[in-house]
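Residue strings, one per chain:
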Amino acid sequence: MFILQLIVAGLAVGSVYAIIALGIVLIYKCSGVVNFAQGGYAMLGAFFTYALTTAGLPSAAALVVSLLLMGVVGALTQTLILRPMLKAPVVAVMMATLGILIIFRAICLLIWGPDQIGFPKLFPDGSIEVGGIFMTYNYVAAFLLSAVLCGAFLAFYRYTPLGLMQRCTADNTRAALAVGIHVSNQVTIAWTASAMLAGLGGSLLASLNGLSLGLSNIGLVAFPVIVLGGMTSLPGAVVAGLILGVLQAVTDGLLTPAIERVLRDYTEIYSVGALQQVIPYALLVVVLLVRPQGIFGSKESERV
Amino acid sequence: MLEVRGLSVRYDSVIAALEGIDFAASEGRIVALLGPNGAGKSTLLKAVAGMLPFEQGEISAGRVEFGGVSLKGKHPAAITRAGIALVQDGRQCFRNLTVGENLRAASFRHAEGSAERLELVLSYFPILGEFYERPAGFLSGGQLQMLVIGMALMLQPRLLLLDEPSLGLSPVMVQSVFAIVERLHEELGMSVIVAEQTVPRLMEIADDVYVLSRGQVALHAPPQAISEDDLQRLYLS
Ligand SMILES: Nc1ncnc2c1ncn2[C@@H]1O[C@H](COP(=O)(O)OP(=O)(O)OP(=O)(O)O)[C@@H](O)[C@H]1O
Ligand SMILES: [Mg+2]
């Protein structure tokens, strides 16, 4: 039963990883740029939600306003910082995204300080029980919200005209231009959507684990997720996010205590530290060795 | 309808690909644009379609006008809306998307009447209807060529630019591509500029021929006035 409990909690956290990772994949698909600032957007979104709730907004309204603000931030950073770099090599643009991450961290440090902040309660206390498995409302809400957002986003990408333009841009920019698609606007849209996804993901994570500058490190968890998912596959990112969430929860709840028990019996070592934080990278290494193109990725197709 | 005067194009601010080109295509004509590898055919078509800025190219001198309106500095989206569609070399389409999605993507610029145009395209290229739900990446070279021409038709152009449509196709396929070009011209009154290296069949349907060589117009004459020898000489020079 306990393992089921862990899996359910892991799925909740994993679904949040999924929406954060979706944004990275979205941008990568249409511009070839890996956005190292994604964790920064997640952190900023969480701070926005924090600031809005402490200013007295009800949590639902705070989440929505923060989501919209993050859209604006995403669009602005793309237009002001990255669009002028149109002719720069992709690597230079990626370095610029690192710069964005540093700037976001500096801004948040300046305004909210370096300490862990008690994140306001977005969801009521209490828990539900299904077949012996308990889940706090926090986890239920995080899971439902990210699941709905994931679903909505994938449907948008697959079935709407704007989604089709996104897919065209991702597939072949030369062809997209020739049929009259404004490719650079599509990239702006991708950044906007990505920042919104990250912002909501950040708020949800903060509601589970509290808020500090350290939240921006979530970007580092998102990278194993997208590599695992195959870099260009949106469903792949979702599945990989869920896998990682579950693995972390199981490591934290079962594996770490088991290892520590053994160690304590035979050695002087009492703790193996936060093993669950190592798991994403261990998994990353294994996947890269066995299946370099990721679980859902196809072999790198020709790029023009 | 298309007027190019003194056009010079450079890539990466140094490589001169075109030098002082004069070129014109009048309403309802088929113009053949010939020349050996690297002569500048694709560059000229890209300059007209506004694609140069996306390939580190720029117009360094000269004018490009369509119906009296300058096209210089315009985004490809604006140029398609003005009535020019470019079918690029290499059969550029969206290979991970279905044939249907490819055609739909090409109809965003002119949403009204797109249902009728789709019907028209499918009547010209029944094979596209058959493979409508299949990813474009599964099509053969000839079928891809039909798809990209079909996509250009969805843009409702008055002037169609075709860059080496016959490259890599079987002789039978080449014949049918040019048959299509002729039908588009006759049935829809479309003006067409076709860039090719050598194609006798193109000489039969063209009204006017330009031969480019090293970024300059080496010859401009009606097709009857051009002999096989002339072409040989220009291509070898
Ligand atoms: N993107 C580019 N960057 C730099 N130089 C280029 C670029 N595209 C073309 N060129 C150069 O410009 C010149 C003209 O090329 P262009 O592609 O227009 O020739 P073409 O007549 O279409 O040849 P082909 O029959 O081989 O397609 C060539 O010397 C080529 O090397
Ligand atoms: Mg060419």
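Everything below is about the structure shown above.
Residues numbered from 1 in each chain as written. Chains lettered and ligands numbered in written order. Predicted model: local features only at pLDDT ≥ 70, side-chain atom pairs only at ≥ 80, totals over all residues. Heavy atoms only, no water.

**Thoughts on the overall build of chain A**
Argument step 1. In terms of helices and strands, chain A carries eleven helices and two strands.
Argument step 2. The N-to-C order of helical and strand elements in chain A reads α-α-α-α-β-β-α-α-α-α-α-α-α.
Argument step 3. Viewed in the frame of its principal axes, chain A has a C-alpha envelope of about 65 × 50 × 40 Å.
Argument step 4. Of all 304 residues assigned to chain A, the portion counted as buried reaches 51%.
Argument step 5. Taking all contacts inside chain A whose residues are at least 6 apart in sequence as the whole, residues at least 24 apart take part in 76%.
Argument step 6. Accessible surface, chain A: about 13,500 Å² in total, of which carbon and sulfur atoms supply 70%.
Argument step 7. Chain A carries 13 positive and 10 negative side-chain charges, and their two centres are separated by 17 Å. (Helix = DSSP H or I, 4+ residues; strand = E, 2+ residues; numbered from the N terminus. Buried < 20%, exposed > 50% of the residue type's maximum accessible area, 1.4 Å probe, protein only. Contact = heavy atoms within 4.5 Å. Areas by Shrake-Rupley, 256 points an atom, 1.4 Å probe, with all protein chains shown as cover. Lys, Arg positive; Asp, Glu negative; His and termini not counted. Charge placed at Lys NZ, Arg CZ, Asp CG, Glu CD.)

**A look at the overall build of chain B**
Argument step 1. Summing up its helical and strand segments, chain B has nine helices and ten strands in all.
Argument step 2. By the compact-globule yardstick of 18 Å for 237 residues, chain B fits well, its C-alpha radius of gyration being 17 Å.
Argument step 3. Referenced to the eigenvectors of the C-alpha coordinate spread, the extents of chain B come out at roughly 45 × 35 × 30 Å.
Argument step 4. Every one of the 237 residues in chain B was classed for burial, and the buried ones make up 54%.
Argument step 5. In chain B, once contacts between residues fewer than 6 apart in sequence are set aside, the share between residues at least 24 apart is 69%.
Argument step 6. Accessible area for chain B stands at about 9,900 Å²; split by element, carbon and sulfur atoms hold 51% of it.
Argument step 7. Averaging the locations of the 20 positively and 27 negatively charged side chains of chain B gives two centres separated by 5 Å. (Rg over C-alpha atoms; globule rule 2.2 N^0.38 Å.)

**Section: the sheet that holds strand 4 (residues 57–66) of chain B**
All names here are of chain B.
Argument step 1. Spatially, four strands are ordered 2-1-4-5 in an open sheet, and the strand pairing comes out antiparallel. Of all the strands in the sheet, just strand 2 (15–25) and strand 5 (69–70) have a single pairing partner and so form its edges.
Argument step 2. Both strand 1 (residues 2–11) and strand 4 contribute to a ladder of eight bridges, which runs antiparallel. Note that in strand 4 the partner of Glu 3 across the bridge is Glu 65.
Argument step 3. With respect to the sheet, helix 1 (residues 41–49) is in contact with strand 1, strand 2 and strand 4, its orientation differing from that of strand 1 by roughly 110°. (Pairing = 2+ DSSP bridges. Axes fitted to C-alpha atoms, helices over the stretch in contact; angles between N-to-C directions.)

**Brief notes about the nonpolar core**
Argument step 1. Formed by 95 residues in total, the largest nonpolar core has its most connected members in Leu2(B), Phe23(B), Leu147(B) and Ile193(B).
Argument step 2. Counting 75 residues, the second largest nonpolar core, distinct from the first, contains Phe47(A), Leu82(A), Ala141(A) and Ile218(A). (Core = buried A, V, L, I, M, F, W, Y, C linked by side-chain atoms within 4.5 Å.)

**Here we look at helix 4 (residues 90–112) of chain A**
Residue and element names in this part refer to chain A.
Argument step 1. The terminal C-alpha atoms of helix 4, which comprises 23 residues, lie 33 Å apart, in line with the 33 Å expected from a rise of 1.5 Å per residue.
Argument step 2. Here helix 4 has its buried residues at Val 93, Met 94, Ala 96, Thr 97, Ile 100, Leu 101, Phe 104 and Cys 108.
Argument step 3. Looking at the packing, one finds that the buried side of helix 4 touches helix 2 (38–54), helix 3 (59–82) and helix 8 (183–209).
Argument step 4. Of the residues flanking the end of helix 4, it is Gly 113, one or two places downstream, whose phi is positive at about 80°. (Expected span 1.5 Å × (residues − 1).)

**So, the packing of helix 9 (residues 218–229) of chain A against helix 11 (residues 275–290) of chain A**
All names here are of chain A.
Argument step 1. Between helix 9 and helix 11, whose axes approach to 9 Å, the crossing angle comes to 25°. Viewed along their axes, helix 9 and helix 11 adopt a mutual orientation that is roughly parallel. Two packed elements cross with a definite hand, and for helix 9 against helix 11 that hand is left-handed. Packed against helix 9, whose contacting residues are Leu 220, Val 221, Pro 224, Val 227 and Leu 228, the element helix 11 presents Pro 280, Tyr 281, Leu 283, Leu 284, Val 287 and Leu 288 at the interface.
Argument step 2. Its residues placed into classes, the contact of helix 9 with helix 11 shows eleven nonpolar, no polar and no charged. (Parallel < 35°, antiparallel > 145°, perpendicular 65-115°, else oblique. Left-handed = near helix turned anticlockwise from the far one by under 90°. Nonpolar A, V, L, I, M, F, W, Y, C, P; charged D, E, K, R; others polar.)

**Side note on the interface of chain B and chain A**
Argument step 1. Counting from both sides, the interface comprises 26 residues of chain B and, opposite them, 19 residues of chain A.
Argument step 2. For the pair chain B and chain A, the two sides together bury roughly 2,000 Å², of which 60% comes from carbon and sulfur.
Argument step 3. Considering only the surface of chain B that becomes buried against chain A, Gln92(B), Phe94(B) and Phe108(B) emerge as the three largest contributors, covering 28% of it.
Argument step 4. For the interface between chain B and chain A, the tally reads four salt bridges. (Buried area = accessible area lost by both parts, 1.4 Å probe. Salt bridge = Lys/Arg side-chain N within 4 Å of Asp/Glu carboxyl O.)

**Regarding helix 11 of chain A**
Residue and element names in this part refer to chain A.
Argument step 1. End to end, helix 11 covers 22 Å across 16 residues, agreeing with the expected 22 Å (1.5 Å per residue, within 8%).
Argument step 2. Looking only at helix 11, the buried set comprises Gln 276, Ile 279, Pro 280, Leu 283, Leu 284 and Val 287.
Argument step 3. Elements in contact with the buried residues of helix 11: helix 9 and helix 10 (234–266).

**A closer look at the side chain of Gln92(B)**
Argument step 1. Locating Gln92(B) in the fold gives a position in the loop between strand 6 (84–87) and helix 3 (99–105).
Argument step 2. Separated by 2.9 Å, the side chains of Gln92(B) and Asn172(A) make a polar contact. (Polar contact = N/O pair within 3.5 Å; in protein donor to acceptor, adjacent residues only side chain to side chain.)

**Points about the environment of Val287(A)**
Residue and element names in this part refer to chain A.
Argument step 1. Among the structural elements, Val 287 can be located in helix 11.
Argument step 2. Note: C-alpha distance between Val 287 and Phe 156 (131 residues apart in sequence) is 30 Å.
Argument step 3. Ignoring anything within four residues of it in the chain, the contact list for Val 287 reads Leu 228, Pro 292 and Gly 294.

**So, the sheet that holds strand 6 of chain B**
All names here are of chain B.
Argument step 1. Read across the sheet, six strands follow the order 6-7-8-3-9-10 without closing on themselves; strand pairing throughout is mixed. If you trace the sheet from one side to the other, it starts and ends with strand 6 and strand 10 (216–221), each paired once. Averaged over all adjacent pairs, the angle separating strand axes in this sheet is 15°, with direction ignored.
Argument step 2. Sheet topology places strand 3 (residues 30–34) next to strand 9 (residues 208–213); four bridges connect them, and they run parallel. The partner of Val 31 across the bridge, within strand 9, is Asp 208.
Argument step 3. Packing against the sheet, helix 1 makes contact with strand 3, strand 6, strand 7 (159–163), strand 8 (191–196) and strand 9, and its axis sits at approximately 145° to strand 7.

**A look at the packing of aromatic side chains**
All names here are of chain A.
Argument step 1. The full count for this structure, using the stated rule, is eight aromatic pairs over all chains.
Argument step 2. On the basis of an interplanar angle of 85° and a centroid distance of 5.0 Å, the ring pair of Tyr 41 and Phe 104 is categorised as edge-to-face. Of this pair, Tyr 41 sits in helix 2 while Phe 104 sits in helix 4, and the two are 63 residues apart along the sequence.
Argument step 3. The class for Tyr 41 is buried, based on a relative accessible area of 1%.
Argument step 4. Since its relative accessible area comes to 7%, Phe 104 is described here as buried.
Argument step 5. Between Phe 153 and Tyr 157 the ring centres are 6.1 Å apart and the planes differ by 25°, which places this aromatic pair in the stacked class. Of this pair, Phe 153 and Tyr 157 both sit in helix 5 (residues 137–159), separated by four residues, roughly a single helical turn. There is no split in this pair, since Phe 153 and Tyr 157 are both buried.
Argument step 6. Aromatic rings pair up to connect Tyr 41, Phe 104 and Trp 191 into one cluster.
Argument step 7. Seen from the ring of Tyr 159, Arg 158 lies directly overhead, with NZ or CZ sitting 5.6 Å from the centre. (Phe/Tyr/Trp six-rings, centres within 6.5 Å; stacked < 30°, edge-to-face > 60°. Lys NZ or Arg CZ within 6 Å of the ring centre and 35° of its normal.)

By themselves, these observations are geometric and do not establish any function.
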